[in-house]
Amino acid sequence: MADDKGTKEQGTGGESGHIPSSKFQVPTYVVTGGCGFIGSNFILRLLATRPDARVINLDKLTYAGNPDNLRDVADDPRYTFAHGDICDAEAVARVMKDADYVVHFAAETHVDRSLMEPGSFIQTDVFGTYTLLEAARQNPRLQRFLHISTDEVYGEVLPTDNPSVETDLFNPRSPYSASKAGGEMQCRAYVESYGLPIVVARPANNVGPRQHIEKAIPLFATQAMQDLPLPIYGDG
């Protein structure tokens, strides 16, 4: 959760974090969890390919968030970092008011951790998503809300099964996948109830630069370099 000081914003926004739109060409993207693996790659690519884009990165900086992932754009006047928790309604409201687009990456994502701390997953992935949606529906300029979910909401998909499609039923098998399914259900409710312009993506097995060492490829690589065992489930 955010501390008592609420959201701290750095960059051209200063302490308030509010940058008058007249100083920048639209669009303004609010990215949650932008210091993480996928979020940081998204921000770097967005700023590299969209010279007109402005980015506000709302990140709690948990163990998985690393500001160094974005050191290449830290001094870019189009980038603002806001230190805050997506479960903090006031912190969210402060950044959401400027959003034309929201890209919601922030989440608890590790299956093993969800088995040990399921409550934190429900809090972040379900309540945090609700908090963002509630703030988003107060913003009349919002054009699109992209919610990043996971293929794990489908449960186990065997090699002999047909590929999953959007209309398949959810069958989550861990607190992590259940929490992501819960976040998706909040999105669906806000589309149906309030007409919020939401798109949901369910990516699978992302790998690449800046990925946290707890994930499979970085873990296997670092273990192998040290001649240590490679942890697998069952018989692999």
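In the block above lies the structure referred to throughout.
Here's what I pulled together on the structure shown here. Because the structure is a prediction, the values reported are computed rather than measured.

Looking now at the overall build of the protein. The helix and strand inventory of the protein stands at six helices and seven strands. Tracing the protein from N to C terminus, the helices and strands come up as β-β-α-β-β-α-β-α-α-β-α-β-α. Within the span of the protein, comprising 236 residues, buried residues form 43% of the whole. Long-range pairs, those at least 24 residues apart, make up 75% of the contacts in the protein between residues at least 6 apart in sequence.

Relative to the helices and strands, serine 179 resides in helix α5 (residues 175-194). Residue serine 179 is classed as buried on the basis of its relative accessible area, which comes to 0%. In this structure serine 179 touches Phe121, Ile122, Asp125 and Val126, once residues within four positions along its chain are discounted.

Of all hydrophobic cores here, the largest spans 22 residues; its most connected members are Met96, Val102, Leu133, Phe145, Leu196 and Ile198. Broken down by secondary-structure element, the contributors of at least two residues to this core are β3 (54-59), α2 (89-96), α4 (118-136) and α5. When residues in this core are grouped by element, the largest group, four residues, is from α4. Leucine 133 has contacts with Phe145, Gln186, Cys187, Tyr190, Leu196 and Ile198, leaving out every residue within four places of it along the chain.

It is worth spelling out the pattern of salt bridges at this point. Overall, the coordinates contain nine salt bridges when judged by the stated rule. One salt-bridge network, in which partners are shared between bridges, spans Arg54, Lys97 and Asp98.

Below, the discussion takes up the packing of α2 against α4. Following both chains from N to C, one finds α2 and α4 inclined at 45 degrees, their axes separated by 9 Å at the closest point. Judged on the interaxial angle alone, α4 and α2 are oblique. Crossing geometry of α2 relative to α4 is assigned as right-handed. On α4, the residues that touch Ala89, Val92 and Met96 of α2 are Thr131, Leu132, Ala135 and Ala136.

Moving on: α2. Because each turn of an α-helix spans 3.6 residues, side chains separated by three or four positions end up pointing in the same direction. Within α2, the full set of buried residues consists of Ala91, Val92, Val95 and Met96. Angular distribution of buried residues about the axis of α2 spans 125 degrees; they occupy a single face of the element. Of the exposed residues in α2, the ones pointing more than 90 degrees away from its buried face are Ala89 and Glu90. Capping the start of α2, aspartate 88 holds a side-chain oxygen 3.1 Å from the backbone nitrogen of glutamate 90, two or three residues further along.

With that settled, consider the packing of aromatic side chains. Under the defined criterion, the tally for this structure stands at six aromatic pairs. On the basis of an interplanar angle of 45 degrees and a centroid distance of 5.5 Å, the ring pair of phenylalanine 127 and tyrosine 130 is categorised as tilted. Separated by three residues within a single helix, phenylalanine 127 and tyrosine 130 lie in helix α4, roughly one turn from each other. In this structure tyrosine 130 comes out as partly exposed when scored by relative accessible area, which is 31%. Plain terms: the ring middles of tyrosine 154 and phenylalanine 170 are 6.4 Å apart, the flat faces sit at 80 degrees to each other, and that makes the pair edge-to-face. Placement of tyrosine 154 in the loop between β6 (144-148) and α5 and of phenylalanine 170 in the loop between β6 and α5 is noted, with a sequence separation of 16 residues between them.

This part takes up the pairing of β3. Walk down a regular strand and you will see the side chains alternate between the two sheet faces. Of all six residues in β3, six are buried, a share of seventy percent or more. Where burial is concerned, the two faces of β3 agree: the one with Arg54, Ile56 and Leu58 and the one with Val55, Asn57 and Asp59 are both buried. Two elements, strand β2 (residues 28-32) and β3, share five bridges in a ladder whose sense is parallel. Across the sheet, the residue bridging to threonine 32 is leucine 58, located in β3. Note on the crossover from β2 through helix α1 (residues 37-49) to β3: the handedness is right-handed. Strand direction decides the pairing type here: β3 and strand β4 (residues 79-83), joined by five bridges, are parallel. If you follow aspartate 59 over to β4, its bridge partner there is histidine 83.

Cut-offs and rules
- Residues numbered from 1 in each chain as written.
- Predicted model: local features only at pLDDT ≥ 70, side-chain atom pairs only at ≥ 80, totals over all residues.
- Heavy atoms only, no water.
- Helix = DSSP H or I, 4+ residues; strand = E, 2+ residues; numbered from the N terminus.
- Buried < 20%, exposed > 50% of the residue type's maximum accessible area, 1.4 Å probe, protein only.
- Contact = heavy atoms within 4.5 Å.
- Core = buried A, V, L, I, M, F, W, Y, C linked by side-chain atoms within 4.5 Å.
- Salt bridge = Lys/Arg side-chain N within 4 Å of Asp/Glu carboxyl O.
- Axes fitted to C-alpha atoms, helices over the stretch in contact; angles between N-to-C directions.
- Parallel < 35°, antiparallel > 145°, perpendicular 65-115°, else oblique.
- Left-handed = near helix turned anticlockwise from the far one by under 90°.
- Arc of directions from axis to C-beta.
- Polar contact = N/O pair within 3.5 Å; in protein donor to acceptor, adjacent residues only side chain to side chain.
- Phe/Tyr/Trp six-rings, centres within 6.5 Å; stacked < 30°, edge-to-face > 60°.
- Pairing = 2+ DSSP bridges.
- Right-handed = clockwise from strand over helix to strand, strands pointing away.

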